[in-house]
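# Coordinates in review
Given next are the chains, with one letter for each unit.
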Amino acid sequence: MTMIEVKDLSKVYGSGETKVIALDSVNLTIEQGQFVAVMGPSGCGKSTLLHLIGGLDRPTTGTVTVEGKDISKMSDTTLTELRRRKMGFIFQFYNLIPVLDAVENTALPLILDGVKPETARIKAKEWLTRNKLEDRGSHRPDELSGGQQQRVAISRAMVADPVIVLADEPTGNLDSRSGDEIASVLRKIVSDWGRTVLMVTHDPRIAAYADRIIFLKDGRIVDDALLSGDNGDNAKRLKEKVEAL
Amino acid sequence: MSVRHALLGLLAQQPRYGYELCAGFTALAGGRENWDVKPAQIYTTLSRMTDSGLVTLANGKNDNSLEKPLYSITLVGMEELMNWFRDSVLEEPHQDAFYLKLMLSLELDEVDAVRLIQIQRTALFQELHRITELRQSLDPQQQLAQILLMDKAVMHLEADVRWLDMIESRLEEVQHQPPPKPYLRPRGRPPSQ
Amino acid sequence: MRIQILLAWRYLLGRKQRMALTTLAVVFGVTLLFGMNAMIPAMMEAFRHNMVTAAGKVDISISGDSNNPFDEASLDALKDIGGISHSTGLLQKNVLLPESLGGTTDPIAGASAVTVTGLDIPTAQSVRNFQIKEGRFLEAADGSETVISQLLADKMSLTVGDTLSIPSSDGIEKLTVVGILSLSASAGLDEIFVPLATSQRILNLPDKINTIDILIRSDADRLTVENEILSKLGPNFKSGPVEVGNELASALIMGESMMWLFGIMALAMASFIIFNTFRTVIAERRRDLGMLRAIGASKRTVMGLILTESLIQGVVGTALGLMFGYLMCLGLLASFGPMLQSFMRVSVGGPVITTANLVGSILLGIGFTVGSGYFPARSAMKITPLEALRPSLGAAEFRKNKRRALWGLAMVAASVFGLVIGELNVAALSTLVFLAGLIMIAPVMVKPVADTFGKLISLVYAREGRLAQGNLARQPGRAAITASSMMIGLAICIAMIGMITSILNGFIGYLDKSLGTDYLLMPSSLVLGGGNLGANQGLIDRIRNTDGVEAATSLRLAASQTKGAALQMIGIDPEVYPQISGLAFSNGDPATAYPALANGRSIIVNGMFATSAAIKTGDVLTLKTPQGDQVYNVVGVAFDYLNAKIATGYISQANLATDFNASSDVLLLVNRKTNSNNSAVLSALKAIAKDFPAFSLIDSTEFKNEQINMFKQAMSTLYVLVVMLALPGLIAMANTMSINIIERTREIGMLRAVGTTQTQVKRMVFAESLLLSALGTTMGILVGLFLSYLLLKALIFIGFTVDFFFPATGILMSVAVGLTFGIIAAMVPARTAARTVIVEALRYE
């Protein structure tokens, strides 16, 4: 099933001499349950793509369709609701509320959605436990390590049962070991929970956890590589590519 | 050369049969998918080592015996093994097949260097993905040695991917420079000044 | 709603220090607003009282219908009348002094009669101002003690400690002189004051009084109060003449409008302090808000969060502010009260809490807190959540600043226009608009000012100075906000000081011009009216012939009517008068006006008359004279100090003689030769004055000083208000500075990490603070000067003309205060910053 469909998506910042084309007619389809990494040199528009798919920003032209609904034309209220119920966000700097503890931070999307605080807390604790943070529930972000904070952030992203999880350089601020931890948690979100994950990263090692890598350069998709599947399949694809030369 | 020394190392522990050595090597190397050595190669190596006196047959040199040969290490073999341990291992990263491919593609109109890079990168990523999954499936409590081996592979692949990125970003510069020319030894007398 | 409360509560508790400082800003604002406005009625009362009593006036004087004494108990009837500020009962009667008791029919040698006034000691001083020159005033325990006027003391050669015997209903009453009243006190020529009971005994009128003097509240309507009094007292009472002149009334209005201006300034400052602090907090929260939006918080939810948070702080801050405001007011009144009591003999009441002030303070306190959270948060909401997640862009801020500065300029221009219009309400609003406009301009001023002063600081601390300079230039908005709080505080103070100095100097200027002579020979009443006996040419001739006298001139008096109103005519010598004394011109040119008086029928009118009759230079006036109507040309508008309060016209003495048959001198102005001996001339003149008992000789320097002192005291109430306004403003700046440092904990941690020493960090913070206060002071001075000028212009329309006087001392003080506070404000933050634990600071978000 197609989860995300991006058509002729462009994003232009500024105008005149300071005009920057961040995305240039990007077309992309992402299936449900796929773990997709977006790679490319800095400034290639990978974060912009993520933000547009997440409804955090509006495209200049083109459409983004999530679960068959065009989000580029949605009102702010509808979009906000969509973000709250269907999407989970993970940021490079975790962006946890510094004055809330881990459980409260995790429960935030549920509470925002009007779920009873007790219920929300229970669900939040479940997710923290899944991410091996059961004994850190009452800790504030500044009492947690970077990896732990990011795991709280993942718990927060997952707590409202979103269909899509968007991660913007989730390991960019972490050492390689914590990075691996985070990546394997994301991997599990796809493998065990069947969610669709779209992750921006510049770390090949982290990208290798994904099923598919999209390479962006200067706002365009330059390559789209499928990593998973059996080797024979891959070899066939490789052969097709060679023949395309 | 390493297969030879690995067999010597296994024999240094205790005398072994040929099939034991095959299985022992595979386990040591981290599985068949890691380093696939055919039994024939093992036996060839063993017979060569027997000939050069590094290994001897413990149950006598009985060519037509039905009994399977039991190999054991000789003093010379032990000496050789110790020498191997003393030396450091240096691979040769500058001998790169892809490099040759790429350099040749620059000179051939029929092949697109960028595409070449992309194909190579996809292959590297597929391999990286495979190893990552493999590594994920290992239990750190029991199989740390194998995990460390996987990590080596991951790191090398990562380095290769980064190297590809670097090539890609500087490809144009390379194309604008003169291609590596063979150094032809001048024949005859040098032209007079 | 739950989430908002949870988050708001957690944010508040999570950043205790900042919450405390933010709430403190609200507390300051409300304290200022509420305290000032609770104090203003009391101060206004004091001011009015001061002005009225200084002029020797009361608002209403009640006496028996047939001038008969009445029961003291009548006073009780007045207790419930709200419009009365103070009242006192008097018993006043003339008593003839027989020769045996030192009385004499020869007015040169002494007095033949004295006016005995019985005073209710506790209340008397609250209605009238008794300036003691020697000894003391009457006290509650006094019986046969008396305080007498200086003129009587001179005539009868009495000093403190002497006994004055007067006839009484049971023989002779021996009174001990305990005090002598100064010249300017509201004492008649031969008046003696005794305790009320004593006067009742002397006159055999137990429990009786014959006059009630009343001061009304500044906000009460005189006529309403008068009618209320008369209806309460019953039919047998009448109200005496209205004693407060129009000129005084307009001075009162001016003083009271100034008080209101203070109130408005307090409001402006309070709102700014709150707004300022809250803006900083919201700016810091941008990223968190962006994240909340990203994970699905609606705009309304986020708005609600901010509103809840600011509401909590607003409510807590306002409650505390009201409390502190009341305490501040109470404390100030209690500490200034005795001072006012002893120097001005004014009892200042307690804080006055009007419903308007209370409701206004609560609304403004909470409203501003919520508002100043709401608007920045709303602007943060308008942008996409993504932009909130990104670090803000410096360039964008700069462009916005420019646009804002243009708006600010427009606002300043509009407010200048508003001030020039001259409506008090418009002027007050314009003042607020002016300040708001300046705050918007401030960011673009940061860089040039920081560059200029940065160079100075770099001379002392080269590296730290440059760092500090860079810090400011990088964040012009933040720097401007911090400096603005100081700017506003100083500007308001300078404006106020400027205005007060201008008024004071204007007043002294009048005095100097009107009393520019060395000696005055005055009739017994200071104000010329009231049919004093004049002197013929003999007196002035004798004075002119006295050794050491350089010149003398006289004023002559007549009465006239024009346009249905009474006009007091004063005859001057157009040639001599300007040389010795002079009129203060508000319209017309002295160089042509005086000569014009000598030629034909010309008149100079005073401002009092010019304003009420709408007369200006060049108009013609038809005056009623004993010879029939005469037409005079108005050649100028000017006045002298003594006659400022009465509609007066000045004409030549020749015309006065021809048209009004008046040729006797009622006031003589005498100048001494510069090298002559003061005491010799004084005693020579005294000898001459003895032959003219209607005149008293006055050394004008002494007289002038007394008058100035009195006026200064009246103005000192205003200074108290200035201090009250300035202090919280400066404390607020220290507060802003602290928040500023907290905000930059991370940055400072980084500086420490890369090897900045504690001393250097400290210096950097100091340098920054000094730069900020330099910026604030510079802007404050400019704005303050401008503001005070505009305020004075606005005052003109209220009916008071003063020249702008450059408040040099005020500016010097401001510079000193500004820099001192810059340093003080930086002390705590600098220490905090220097002690920053690097690792923690780097983790701080």
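Let me sum up the structure you'll find in this document. Everything quoted here is computed from the prediction, not taken from an experiment. (Residues numbered from 1 in each chain as written. Chains lettered and ligands numbered in written order. Predicted model: local features only at pLDDT ≥ 70, side-chain atom pairs only at ≥ 80, totals over all residues. Heavy atoms only, no water.)

### Considering the pattern of salt bridges
Residues and elements named next belong to chain A. Convention followed: A side-chain nitrogen of Lys or Arg and a carboxyl oxygen of Asp or Glu constitute a salt bridge if their distance falls within 4 Å. A helix here means a DSSP run of H or I that spans at least four residues, while a strand means a run of E at least two residues long, and both kinds are numbered starting from the N terminus. Accessible area is worked out with a 1.4 Å probe on protein chains only. A residue is then buried under 20% of its type maximum, exposed over 50%, and partly exposed in between.
Under the definition given, this model contains 30 salt bridges over all chains. Between D161 and K123 there is a salt bridge whose closest N-O contact spans 3.0 Å. On the criterion of sequence distance, the pair formed by D161 in the loop between α5 (146–158) and β7 (164–168) and K123 in helix α4 (residues 117–130) is long-range, its members being 38 residues apart. The class of K123 is partly exposed, set by a relative accessible area of 24%.

### With respect to the interface of chain A and chain B
The cut-off we apply is this: When checking whether two residues touch, look at their non-hydrogen atoms; a contact exists if any pair is within 4.5 Å. By buried area we mean how much accessible surface two parts lose on assembly, using a 1.4 Å probe and totalling the loss over both. Any N or O atom pair separated by 3.5 Å or less is treated as a polar contact, with the protein-specific requirement of one donor-capable and one acceptor-capable atom, and with residues adjacent in sequence counted only for side-chain atom pairs. Three classes are used, and their members are as follows: Ala, Val, Leu, Ile, Met, Phe, Trp, Tyr, Cys and Pro are nonpolar, Asp, Glu, Lys and Arg are charged, and the others, Gly among them, are polar.
Tallying the contact residues gives 26 residues for chain A and 20 residues for chain B. Between chain A and chain B, a total of about 2100 Å² is buried, with carbon and sulfur atoms accounting for 62% of that surface. One salt bridge connects D203 of chain A with R162 of chain B, and the closest N-O pair in it is separated by 3.6 Å. In this structure, the connection of chain A to chain B is made through 5 residue pairs in polar contact (both at pLDDT 80 or more). Those elements that place two or more of their residues in the side of chain A that touches chain B are α6 (176–191), α7 (204–207), β9 (212–217), β10 (220–226) and α8 (231–244) of chain A. Looking at the side of chain A that touches chain B residue by residue, the classes come out as 15 nonpolar, 5 polar and 6 charged.

### Some remarks on the sheet that holds β9 of chain A
All names here are of chain A. Note the cut-off: Strands were regarded as paired on the criterion that DSSP finds at least two bridges between them. Angles run from 0 to 180 degrees between N-to-C directions of axes, and those axes are lines fitted to C-alpha atoms, restricted for helices to the stretch in contact.
Here we have 6 strands laid out as an open sheet, ordered β6-β7-β8-β3-β9-β10, and mixed in their pairing. The open sheet has two edge strands, β6 (87–90) and β10, and neither has a second partner. Strand-to-strand twist of the sheet, defined as the mean angle between neighbouring strand axes without regard to direction, takes the value 15 degrees. Summarising the sheet, strand β3 (residues 35–39) and β9 pair through 4 bridges and their orientation is parallel. When the sheet's bridge partners are listed, V38 is paired in β9 with I214.

### Describing the packing of helix α3 (residues 102–112) of chain A against α5 of chain A
For any two helices packed against each other, the geometry is given by the interaxial angle and the distance between the axes. Residue and element names in this part refer to chain A. Test applied: Angle categories are assigned with fixed cut-offs, so that under 35 degrees is roughly parallel, over 145 is roughly antiparallel, 65 to 115 is roughly perpendicular, and the rest are oblique. Left-handed describes a crossing in which the near helix is turned anticlockwise from the far one by less than a right angle; the clockwise case is right-handed.
Relative to each other, α3 and α5 sit at 30 degrees, their axes nearing to 7 Å. If you check the angle between α3 and α5, you find them roughly parallel. Viewed along their axes, α3 and α5 form a crossing whose handedness is right-handed. Side by side, α3 and α5 meet where A102, N105, T106 and P109 of the first sit next to V152, S155 and R156 of the second.

### Considerations on helix α17 (residues 590–598) of chain C
Residue pairs spaced three or four apart in an α-helix point in one direction, given the helix's 3.6 residues per turn. Residues and elements named next belong to chain C. We count it as follows: Note that the arc is computed from the directions linking the helix axis to the C-beta atoms.
Looking only at α17, the buried set comprises A593, Y594, A596 and L597. In an axial view of α17, the angular spread of the buried residues amounts to 160 degrees, which keeps them on one side of the axis. Every exposed residue of α17 that faces more than 90 degrees away from the buried side is listed here: A591 and T592. In the stretch just after α17, G600 is the one whose phi turns positive, near 70 degrees.

### Structural notes on the environment of S683 of chain C
Residue and element names in this part refer to chain C. With respect to the helices, strands and loops of the structure, S683 is situated in helix α20 (residues 678–690). Each C-alpha atom of the pair S683 and L697 lies 10.0 Å from the other, and the pair is 14 residues apart in sequence. At 2.9 Å, the side chain of S683 and the backbone oxygen of A680 are in polar contact.

### What to know about the side chain of T80 of chain A
Considering the arrangement of structural elements, one finds T80 of chain A in helix α2 (residues 76–86). Once you skip the residues sitting within four places of it in the chain, T80 of chain A turns out to touch R293, G296, A297 and S298 of chain C.

### Remarks on the packing of aromatic side chains
The criterion, for reference: The pairing test for Phe, Tyr and Trp rings, Trp by its six-membered ring, is centres within 6.5 Å, and the orientation test on the planes gives stacked under 30 degrees, edge-to-face over 60, and tilted for anything in between. Ring-over charges, as used throughout, are those where CZ of Arg or NZ of Lys falls within 6 Å of the ring centre and within 35 degrees of the ring normal.
For the coordinates displayed, the defined rule picks out 6 aromatic pairs over all chains. Aromatic side chains W127 of chain A and W193 of chain A sit 4.8 Å apart centroid to centroid with 45 degrees between the ring planes, which places their arrangement in the tilted category. With W127 of chain A in helix α4 and W193 of chain A in the loop between α6 and β8 (196–200), this pair connects stretches of sequence that are 66 residues apart. A relative accessible area of 33% means that W193 of chain A is categorised as partly exposed. For the pair Y17 of chain B and Y19 of chain B, a centre-to-centre distance of 6.1 Å together with 5 degrees between the ring planes defines the contact as stacked. In this structure Y17 of chain B comes out as partly exposed when scored by relative accessible area, which is 27%. Here the guanidinium or amino end of R130 of chain A rests over the ring plane of W127 of chain A, the centre of that ring lying 4.6 Å away. The ring of F215 of chain A has R121 of chain B lying over it, and the distance from NZ or CZ to the ring centre is 4.5 Å.

### Structural notes on a nonpolar patch on the surface
Residue and element names in this part refer to chain C. What counts, and what does not: Excluding any residue in a salt bridge, patches collect residues exceeding 30% relative accessible area, merging like charges within 9 Å and nonpolar Val, Leu, Ile, Met, Phe, Trp and Tyr side chains within 5 Å. Using a 1.4 Å probe, the Shrake-Rupley method yields the accessible areas, and only the shown protein chains count as cover for residues.
Together, V316, L320, M323, F324, Y326, L327, L330, I353, L358, V359, I362 and L363 make up an exposed nonpolar region whose accessible area comes to about 980 Å². Mapped by element, the contributors of at least two residues to the nonpolar patch are α8 (299–344) and α9 (355–382). Considering each element in turn, the nonpolar patch owes the most residues, 7 residues, to α8. With respect to the helices, strands and loops of the structure, F324 is situated in helix α8. Residue F324 is classed as partly exposed on the basis of its relative accessible area, which comes to 38%.

### Let's talk about the pairing of strand β3 (residues 70–73) of chain B
Residue and element names in this part refer to chain B. Burial of β3 is two-sided: the residues L70 and S72 facing one way and the residues Y71 and I73 facing the other way are all buried. Pairing of strand β2 (residues 55–57) with β3 involves 3 bridges; the strand directions are antiparallel. Looking across to β3, one finds that V55 is bridged to I73.

### So, the interface of chain A and chain C
Across the contact, 27 residues belong to chain A and 26 residues belong to chain C. Between chain A and chain C we count 1 salt bridge in total. Taken together, the links from chain A to chain C amount to 4 residue pairs in polar contact (both at pLDDT 80 or more). Those elements giving two or more residues to the side of chain A that touches chain C turn out to be α2 and α3 of chain A.

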